[in-house]
Amino acid sequence: GGTLALNSAYDRDEGDVAYLRRPPPPPVHLAGFGLGLMSLGLALAFLLPLGYRVAYSVCLVLSLLYSTPPVRLKAVAGADWIINMIGFGTLTPYAGWAATGVGLSAPGRWILIAFCPLFAALYPLTQIYQFEEDARRGDRTLARTLGVRRSLVVSGVAVALAFLGFSLGGAAADWGIEGSWRWLCLVVAAGAWVVVLFPWYRKRDAMSPHEHQVGMYRALVAWAVTDFSVALAWGL
């Protein structure tokens, strides 16, 4: 929550932002509020195991580097991508694991590795519809640098790498024949991404910013399907 507040304070978006159709002007002290919320979270993190505290601390630093001038790495193509891959992709799910105090197993390591390219796939898809506003701000995001076609190609390759990682995690867990339904969970999740990305790639040149935004919402659904499938496949 603090990360989003801090980012919104410096973005000052005027067009559609995710679920906000007409974002209001950010309050004067929004950046301070966001930083205070993140600091409160850091204090509470010390009630949890060491791994959680480390993950939270690293994410806090990444959030500052991502959003805050003069560094503001979200405006640097590639740096914005890497920060989100590490922070949202791997460290956030790792923090959930570390909070339990249970050691990280071999399948767990593969799952966390796989979520890194999975977020690498999602991140450019969240930026395609915002090209015009990013250009007005002078933000040279990854998606703006790549363009629509190459952004979608990169996302497709990253999805493939993610599901390779999930498959290696399944192999490390020794699912075998009796675990066929677990493999089916991964197939369903991978299919959700195929359903999103292939039509988007095929129609990309004829799509309006609003239609690209709809594509982003569909990608978020594919992400949720993947979360559920992974939790089901390894959790039961």
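Conventions and cut-offs
- Residues numbered from 1 in each chain as written.
- Predicted model: local features only at pLDDT ≥ 70, side-chain atom pairs only at ≥ 80, totals over all residues.
- Heavy atoms only, no water.
- Helix = DSSP H or I, 4+ residues; strand = E, 2+ residues; numbered from the N terminus.
- Buried < 20%, exposed > 50% of the residue type's maximum accessible area, 1.4 Å probe, protein only.
- Expected span 1.5 Å × (residues − 1).
- Contact = heavy atoms within 4.5 Å.
- Core = buried A, V, L, I, M, F, W, Y, C linked by side-chain atoms within 4.5 Å.

**A few points about unusual backbone geometry**
In this chain, Pro 69 is followed by Pro 70 through a cis amide linkage whose omega measures 5 degrees. On the secondary structure map, Pro 70 appears in the loop between helix 3 (50-67) and helix 4 (79-98). You will see that Arg 72, though not glycine, has its phi angle at about 40 degrees, which is positive. The class for Arg 72 is buried, based on a relative accessible area of 11%. Phi is positive for Asp 174, which is not a glycine, with a value near 55 degrees. You can see Asp 174 is positioned in the loop between helix 7 (142-172) and helix 8 (180-203).

**Comments concerning helix 3**
Spanning 18 residues, helix 3 covers 26 Å between terminal C-alpha atoms, matching the ideal 26 Å at 1.5 Å per step. What helix 3 keeps buried is the set Gly 51, Ala 55, Leu 60, Leu 62, Ser 63, Tyr 66 and Ser 67. Contact partners of the buried residues in helix 3: helix 1 (2-11), helix 2 (30-45), helix 4 and helix 5 (106-125).

**Details of the nonpolar core**
Core analysis: the largest hydrophobic core is formed by 41 residues, its most contacted members being Leu 125, Phe 166 and Trp 193. Elements represented by at least two residues in this core include exactly helix 3, helix 4, helix 5, helix 7, helix 8 and helix 9 (209-235). If we ignore the near neighbours within four places in the chain, the residues touching Phe 166 are Ile 111, Ala 114, Phe 115, Leu 186, Thr 226, Val 230 and Trp 234. Counting seven residues, the second largest nonpolar core, distinct from the first, contains Leu 6, Ala 9, Met 38 and Leu 60.

Purely geometric numbers; function is a separate question.
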